[in-house]
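# Notes for the structure review
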Amino acid sequence: MTIERHTEQHTGEDFRPHRVVVLAMDGALPFELGIPHRIFGRPKDAAGRHLYEVVTCSIRPPGPVRTDADFDIMVANGPETLATADTVIVPASYELGPVFEQGVLTPELAAALAHIRPGTRLASICTGVYVLAAAGRLDGRPATTHWADAERLQRLFPQIKVDADVLYVDDGDVLTSAGVAAGVDLCLHIVRRDHGTAVANDVARRTVVPPHREGGQAQFIQRPMPEPQLATTTTARVWALGRLHEPIQLRDMADQESMSVRTFTRRFREEVGISPGQWLTQQRVERARHLLETTGLSVDQVARDAGFGTAQSMRQHLQAALGVTPSSYRRTFRAGSDGVNGQVSSGT
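This section reports on the structure supplied with the text.

The rules behind the values
- Residues numbered from 1 in each chain as written.
- Predicted model: local features only at pLDDT ≥ 70, side-chain atom pairs only at ≥ 80, totals over all residues.
- Heavy atoms only, no water.
- Salt bridge = Lys/Arg side-chain N within 4 Å of Asp/Glu carboxyl O.
- Helix = DSSP H or I, 4+ residues; strand = E, 2+ residues; numbered from the N terminus.
- Buried < 20%, exposed > 50% of the residue type's maximum accessible area, 1.4 Å probe, protein only.
- Axes fitted to C-alpha atoms, helices over the stretch in contact; angles between N-to-C directions.
- Parallel < 35°, antiparallel > 145°, perpendicular 65-115°, else oblique.
- Contact = heavy atoms within 4.5 Å.
- Nonpolar A, V, L, I, M, F, W, Y, C, P; charged D, E, K, R; others polar.
- Phe/Tyr/Trp six-rings, centres within 6.5 Å; stacked < 30°, edge-to-face > 60°.
- Lys NZ or Arg CZ within 6 Å of the ring centre and 35° of its normal.

### Points about the pattern of salt bridges
Two side chains of opposite charge can pair, provided their charged atoms sit close to one another. Inspection of the entire model under this criterion finds 19 salt bridges. One salt bridge connects Asp26 with Arg60, and the closest N-O pair in it is separated by 3.1 Å. Of this pair, Asp26 sits in the loop between β2 (18-24) and α1 (30-40) while Arg60 sits in the loop between β3 (52-58) and β4 (63-66); the two residues are 34 residues apart in sequence, bridging distant segments of the chain. The class for Arg60 is partly exposed, based on a relative accessible area of 23%. A salt bridge links Arg267 to Glu270, with the shortest nitrogen-to-oxygen separation between them at 3.9 Å. Pair noted here: Arg267 and Glu270 are both in helix α9 (residues 261-272), with a separation of three residues, about one helical turn. In this structure Glu270 comes out as partly exposed when scored by relative accessible area, which is 38%. Taken together, the shared-partner salt bridges in this structure form one network comprising Asp26, Arg60, Arg66 and Glu95.

Below, the structure is given as structure tokens:
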């Protein structure tokens, strides 16, 4: 990942929110169609201005769009609205027809997508990825979708690097997610890219969802539910979060649950989707990001408080996770620096 300043910084009379256009197609899933509105409709800057404007459009002139529920929705905007987008989001649909069956766009959908300006950021939720794939926007790129549809996606589009084991994939100007709740994770990730962890965490709190699930976290695929009487790893995670500034060994975490290291590691991966070590590193990176954004602590102090020990160690971990140094991250996202924060964008 690399950090770059948002290309359009507007202040005062010039301010214009980032426009997110959501493409509603027949067969839309109401829950997934509503995710972008819920997440991007919340963030505001220090002056109380909405950082995003969210608009829904159809591939046809304004009118009703069928959903997979027992109701239709009335969409007031036609496909020309896509030409005004800074970000286009394509949610899932159960009526993709030849897009899903043969990997080709219908003439109507192709004409709609032709309105999208070059350089517009694209994102999909669940089977919305088939639309981006059929449009050629994912050729040679990594992508994901719901695990149940990943094999078909790879078969229809062998030129795509499909990863069925992750929640979402950020490939810079094109992002894809798995199904349902992973769409929430993806949209929160985009807010975090654009405006930092403080803004994203505030949205997550208001939405009552976890503030951050790393994209590389595994989808939960056909895993049996743990027996009720079996202990979980929750106590160990809570214990570790209160001690991120201290050295934490795997044995220490296993002891909190009175498990062997082997059993604890297996149970942790089953519940969280990643290893305890990966999880600890993620939590420390998030802690460092928060401190860099919201405090004036020196880089050395942030490194100690986040549990990295040294500034060099923290620099290596932030470089691996975000593609930037701590100082660069702070300059971009320090709260109140310029009213509208910068943007983190991922490289390949």
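### What about the environment of Ala111?
Looking at the secondary structure, you find Ala111 in helix α3 (residues 107-113). You can call Ala111 partly exposed: its relative accessible area is 47%. Measuring from C-alpha to C-alpha, the distance between Ala111 and Pro79 comes to 8.3 Å, with 32 residues separating the pair along the chain.

### What to know about the packing of helix α10 (residues 276-294) against helix α12 (residues 311-322)
For the pair α10 and α12, the least separation of the axes is 10 Å and the interaxial angle reads 100°. By the angle between their axes, α10 is roughly perpendicular relative to α12. Where α10 approaches α12, its residues Thr281, Val285, Ala288, Arg289 and Leu292 are matched on the opposing element by Met314, His317, Leu318, Ala321 and Leu322. Class assignment of the residues belonging to the contact of α10 with α12 gives a composition of seven nonpolar, two polar and one charged.

### Here's the deal with the packing of aromatic side chains
As enumerated under the stated definition, the model contains five aromatic pairs in all. Ring pairing ties together the aromatic residues Phe100, Tyr130 and Phe157, which thus form one cluster. Here the guanidinium or amino end of Arg49 rests over the ring plane of Phe15, the centre of that ring lying 4.2 Å away. For Arg237, the ring lying beneath its charged end belongs to Phe268, and the centroid distance is 5.8 Å.

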